[in-house]
Amino acid sequence: MNIDDMILVSIDDHVVEPPDMFDRHVPKKWADQAPRLLPDENGVDRWMYRGRQTGVTGLNAVISWPAEEWGLNPAGYAEMRPGVYDVHERVRDMNRNGILASMCFPTFAGFSAGHLSHFKDETTVVMIQAYNDWHIDEWAAAYPGRFIPIAILPLWDPALAVAEIRRVAAKGCHAVTMPELPHMDGLPSYHDMEYWAPVFEALCETGTVMCLHIGQGFGALKLAPDAPVDNKIILACQISVLGAQDLLWGPAMRTYKDLKVAFSEGGIGWIPFYLDRCDRHYTNQVWLRRDFGGRLPSEVFREHSLACYVTDPTSLRLRNEIGIDIIAWECDFPHSDAMWPDAPEQVLAELNGAGATDEEIEKITWQNSCRFFGWDPFAHVPKDEATVGALRARATDVDTSIRSRKEWAELYAAR
């Protein structure tokens, strides 16, 4: 495949929310309760919600920094590349990277609103709605056809979650971030259908995808207390297996035929062994009487799932065993895993190395994700303007220099 003819859709990137994001979306009655950005004693920008520090600003938002400065320490807006939090600069950075469209997970709000939901009340519902309105009506709507919106939910009450699923779906948002392992947050597990059935039904009825991003379930990893942070980062994808197990072997995937689950940033390497193990267990342990409707567990998993990877050179050689129609690429901008500004070169080299055909490349780089999320990539951008070559032609002036945090802060101060 000619690199300039590629189309790239990334279904896992991240937005560092701008400081004024709530200003236009929180009703006046609750304005004084909205999260606010305040500097801490070290001058680091921190989100505060009702007197409690809530999440972080620039967690691992290290794109364009020298590698020796990468880390998990929070950063201030002045230190970050503007495309991390400014939608206009983000689109320019996407153009330079040849990426047509992006799904941007939250940062300070947390996956599945985990950083706001410490307060489970009407006020937090208002803040979750305001967050979603900002994300859908400002961030995504600023450049139609360039973002696939994703919402957060008040999951402590199924009725509230259902109402928000329906509300955002009516606005054109058909993806929500949900926990991999809700029981780690004190919620019922996905085995509890009395709790989750209304949510799953609303997802199915609205064609909304539940996105399980790695990270929420870290608590399930009982790591050595003196283990380095590398252990958590490398083993994060194993939590995707735990989430898949609860949904596949619990009632969810076997009951709701239209339920769609995206395993975000979990990679694809765990899938071949996991599905082989599932099928072997099912066929050998018939006395357990688990009913998969005359199909193998692997078949049911593939009917419901989209597996998302950043880079997986060995596993891509098993793409047909995994399921060529359930694999989708992601960029992970602006984190340290991200490919920027040379994603097309890296993606194509890896797929060519795995022996992928042009048809398979197109499935993995955009067709599978667009089909799964029911999103028309060419509704606003004609196909001939959506390619790597066409997008990069718009971005010849984008600066790709590596700069230290201090240098970015100096540029910020000079603007």
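Residues numbered from 1 in each chain as written. Predicted model: local features only at pLDDT ≥ 70, side-chain atom pairs only at ≥ 80, totals over all residues. Heavy atoms only, no water.

K.L.:
Can you walk me through the overall build of the chain in this structure?
P.N.:
Each helix and strand in the chain was counted, giving 13 helices and ten strands. Taking 2.2 N^0.38 as the reference for a compact globule, 415 residues should give roughly 22 Å; the C-alpha atoms of the chain span a radius of gyration of 21 Å, in line with that estimate. Dimensions of the chain, computed from C-alpha atoms along their principal axes, come out at roughly 70 × 55 × 50 Å. For the chain, the proportion of its 415 residues judged to be buried stands at 57%. Counting only contacts in the chain whose residues sit at least 6 apart along the sequence, the fraction spanning at least 24 positions is 75%. (Helix = DSSP H or I, 4+ residues; strand = E, 2+ residues; numbered from the N terminus. Rg over C-alpha atoms; globule rule 2.2 N^0.38 Å. Buried < 20%, exposed > 50% of the residue type's maximum accessible area, 1.4 Å probe, protein only. Contact = heavy atoms within 4.5 Å.)

K.L.:
Hey, could you run me through the packing of aromatic side chains in this one?
P.N.:
Note on aromatic pairs: each is described by the distance of the centres and the angle between the planes. Tallying each qualifying case throughout the model produces 26 aromatic pairs. Pairing F22 with F108 gives two aromatic rings, centres 6.1 Å apart and planes at 75°, and the pair type is edge-to-face. Of this pair, F22 sits in the loop between β1 (8–14) and β2 (36–39) while F108 sits in the loop between β5 (99–105) and α2 (122–140); the two residues are 86 residues apart in sequence, bridging distant segments of the chain. Where F333 meets W340, the ring centres are 6.4 Å apart and the plane angle is 70°; that geometry is what we call edge-to-face. W340 gets classed as buried once you look at its relative accessible area, which sits at 11%. The rings of F22, W47, F108, Y131, W134, W139 and F147 are connected pair by pair, giving a single aromatic cluster. In this arrangement the basic side chain of K232 is found over the ring face of F218, its NZ or CZ atom lying 5.3 Å from the centre. Across from the ring centre of W408, 5.3 Å away, lies the NZ or CZ of R403, which sits over that ring. (Phe/Tyr/Trp six-rings, centres within 6.5 Å; stacked < 30°, edge-to-face > 60°. Lys NZ or Arg CZ within 6 Å of the ring centre and 35° of its normal.)

K.L.:
Looking at this model, I keep getting lost on the environment of H335. Mind explaining?
P.N.:
Position of H335 relative to the elements: it lies in the loop between β10 (327–329) and α10 (343–353). Along the chain, H335 and H14 lie 321 residues apart, while their C-alpha atoms are 8.0 Å from each other.

K.L.:
What am I meant to see in the side chain of K363 here?
P.N.:
Position of K363 relative to the elements: it lies in helix α11 (residues 358–372). When residues no more than four places from it in sequence are discounted, the contact partners of K363 are I324, D325, I327 and N368.

K.L.:
Would you mind going over the pattern of salt bridges with me for this structure?
P.N.:
Between side chains of opposite charge, a pair can form as their charged atoms come close. In total, this model carries 19 salt bridges according to the counting rule given. Between D397 and R92 there is a salt bridge, with its nearest N and O atoms 3.3 Å apart. Of the two residues, D397 is situated in the loop between α12 (388–393) and α13 (405–414) and R92 in helix α1 (residues 87–96); the sequence distance between them amounts to 305 residues. Note on R92: relative accessible area 28%, which makes it partly exposed. One salt bridge in this structure joins E385 and R394, with 3.9 Å as the shortest N-O distance. For E385, a relative accessible area of 37% translates into the label partly exposed. Judged by its relative accessible area of 42%, R394 falls in the partly exposed class. A single salt-bridge network, built from bridges that share partners, covers D133, D137, E164, R167 and K171. (Salt bridge = Lys/Arg side-chain N within 4 Å of Asp/Glu carboxyl O.)

K.L.:
For this particular structure, what's the right way to read the nonpolar core?
P.N.:
In a soluble, globular protein the nonpolar side chains are often hidden away together inside. In this structure, M178, W196, F200, M210 and W329 are the most contacted members of the largest nonpolar core, which totals 112 residues. For M178, the residues in contact, after removing those within four places along its chain, are S112, L153, L155, Y190, W196, V199, L203, M210, C211, L212 and H213. Counting residues in hydrophobic clusters, the runner-up holds 25 residues, among them L100, C370, F372 and A386. (Core = buried A, V, L, I, M, F, W, Y, C linked by side-chain atoms within 4.5 Å.)

K.L.:
Hey, could you run me through the sheet that holds strand β9 (residues 305–309) in this one?
P.N.:
Neighbouring strands of a sheet are bound in pairs by backbone hydrogen bonds; such pairs are parallel or else antiparallel. Spatially, the five strands line up as an open sheet ordered β6-β7-β8-β9-β10, and their pairing is parallel. The open sheet has two free edges, formed respectively by β6 (175–177) and β10, since each of these has just one partner strand. Neighbour-to-neighbour, the strand axes of the sheet open up by a mean angle of 25°, direction not taken into account. Direction of pairing for β6 relative to strand β7 (residues 209–213): parallel, over a ladder of three bridges. When the sheet's bridge partners are listed, A175 is paired in β7 with V209. Running over the sheet, α11 touches β7, β8 (261–264), β9 and β10 and is turned about 110° from β10. (Pairing = 2+ DSSP bridges. Axes fitted to C-alpha atoms, helices over the stretch in contact; angles between N-to-C directions.)

K.L.:
What exactly am I supposed to notice about the packing of helix α7 (residues 271–284) against helix α8 (residues 297–304) here?
P.N.:
In a packed pair of helices, the relevant descriptors are the angle between the two axes and the axis-to-axis distance. At a minimum axis distance of 8 Å, the contact between α7 and α8 shows a crossing angle of 135°. The pairing of α7 with α8 is recorded here as oblique in orientation. Side by side, α7 and α8 meet where I271, L275, C278, D279 and Y282 of the first sit next to P297, S298, F301 and R302 of the second. (Parallel < 35°, antiparallel > 145°, perpendicular 65-115°, else oblique.)

K.L.:
Got a minute to help me understand the sheet that holds β2 in this structure?
P.N.:
Taken together, three strands build an open sheet; the order of strands is β2-β3-β4 and the sheet is antiparallel. Sheet topology places β2 and β4 (52–53) at the edges, where each strand pairs with a single neighbour. Where strand β3 (residues 45–49) and β4 come together, two bridges link them in antiparallel fashion. Paired with M48 across the bridge in β4 is Q53.

K.L.:
How should α10 be read in this particular structure?
P.N.:
A turn of α-helix holds 3.6 residues, and therefore any two residues three or four places apart point the same way. For α10, every residue scored as buried is listed here: A343, P344, V347, L348, E350 and L351. Each buried residue of α10 lies within a common arc of 160° when the element is viewed along its axis, so the set occupies one face. Residues of α10 that are buried sit in contact with β1, β9, β10, α11 and α12. Trailing α10 by a residue or two, G355 shows a phi angle of about 80°, which is positive. (Arc of directions from axis to C-beta.)

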